[in-house]
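# Overview (structure and organization)
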Amino acid sequence: MSLVDTIRSTLVPIHREGWKFVAAFFVVSLLLGLLWEPLMWIGFILTAWCAYFFRDPERMTPQDDDLVISPADGRVSAIAMVTPPAELELGDQPMMRISVFMNVFNCHVNRAPMRGRVSRVAYRAGKFLNADLDKASQENERNGLVIESAHGRIGVVQIAGLVARRILCWTAMNDSLEAGERFGLIRFGSRLDVFLPAGAEPRVSVGQTAIAGETVLAEFGSAKGPVISRRG
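All of these numbers come straight from a predicted model, not from anything done at the bench. Note on numbering: residues in each chain are counted from 1, in written sequence order. pLDDT decides what is reported in this predicted model: residues at 70 or higher carry local features, side-chain atom pairs at 80 or more are listed and counted, and totals for whole chains, interfaces and linings draw on all residues regardless. Hydrogens and water are ignored here; the side-chain numbers use all heavy atoms of the structure.

### Re the sheet that holds strand 1 (residues 67-69)
The following threshold applies: Pairing between two strands requires that DSSP report at least two bridges joining them. Where helices and strands are cited, they refer to DSSP runs of H or I of at least four residues and of E of at least two residues respectively, numbered from the N terminus. Note on geometry: axes are C-alpha line fits, over the in-contact stretch for helices, and angles between N-to-C directions span 0 to 180 degrees.
Pairing is antiparallel across the open sheet formed by 3 strands, whose spatial order is 1-14-12. Of all strands in the sheet, those bounded by a partner on one side alone are strand 1 and strand 12 (200-202). On average, each strand axis in the sheet is inclined to that of its neighbour by 30 degrees, with strand direction left out of account. Summarising the sheet, strand 12 and strand 14 (residues 216-220) pair through 3 bridges and their orientation is antiparallel. The partner of A200 across the bridge, within strand 14, is F220.

### Examining the pattern of salt bridges
Applied cut-off: Throughout this description, the term salt bridge denotes a Lys or Arg side-chain nitrogen within 4 Å of a carboxyl oxygen of Asp or Glu. Note on classification: 1.4 Å probe, protein chains only; a residue is buried when its accessible area is under 20% of the maximum for its type, exposed when over 50%, partly exposed between these limits.
Applying the stated criterion across every chain yields a total of 9 salt bridges. Note that R115 is salt-bridged to D65, the shortest N-O span being 2.4 Å. Of this pair, R115 sits in the loop between strand 4 (109-111) and strand 5 (116-124) while D65 sits in the loop between helix 3 (37-53) and strand 1; the two residues are 50 residues apart in sequence, bridging distant segments of the chain. The partly exposed category is assigned to R115, whose relative accessible area is 40%.

Scope: geometric values only; no functional claims are made or implied.
Okay, here's the thing in C-alpha cells:
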C-alpha cells in the first residue's frame, strides 16, 4: 500500500452538511488572526473540532432482520417501557424505549436501526433542554420516523439538545431503508430514541457506548431473554 493510500484509509470523510461550517470556522479564524495572532490558532483548533464533529465514517452493519442496530454514536442513557410520542401514532401503550445520548464529540450522522419502509415522518417543535434528561423526549424539538419492519412498526426519534439547534432528516415517507443506512443528522449534541414493539430483548446496558450502524441494541425472536451485563 502506498503512502497516499494509507493516508486515504486513515482519514475519515466529512459529511457534506459540514463543509460550510468548516469553511466558516476557517475564515473566521483568519479574520481573528488579523486582530490578535493567538486568536487565529484558537480558531484553527475549533475548525479542527468542527471537521471532527461532522465526520462520516463507514460502518459494517449486521444484516439480520432480527437485530436492532444503534442509530447513533454515544452512550446508552436509558432503557425503559415508555408511551411513544403521540405524533408517531404508535398507540398509547408503553413500548420499550432505548435512548442513545450524543455529546459534542460523537459522530452525529444517524442511521436506520432496522430494514423497512418509512410509513411516517413527524416533526414537532419544542424546547432545547439537556437531551440527557428523561423529559427531553416529550418537551424538546424532535423529528420522528416510523419504520415498517419485519417485526412490526418501530419508532426512531431525533431529539434536539441544549446545544443542538437543527435536526436534519433527508428521508421521506415510503422510502425504503436498509439497516445502517444514513437517514439524518443533528447539530450539535443530542439524542436518539428507538421505540420497539413486543418481542424485542435489550442487548445493551445503560452506560454502554454504542456505535451507529454496528452496535446491536436489541434482538427479536431470541429465546435467551434479557442479557445481564456488569461493570468490569
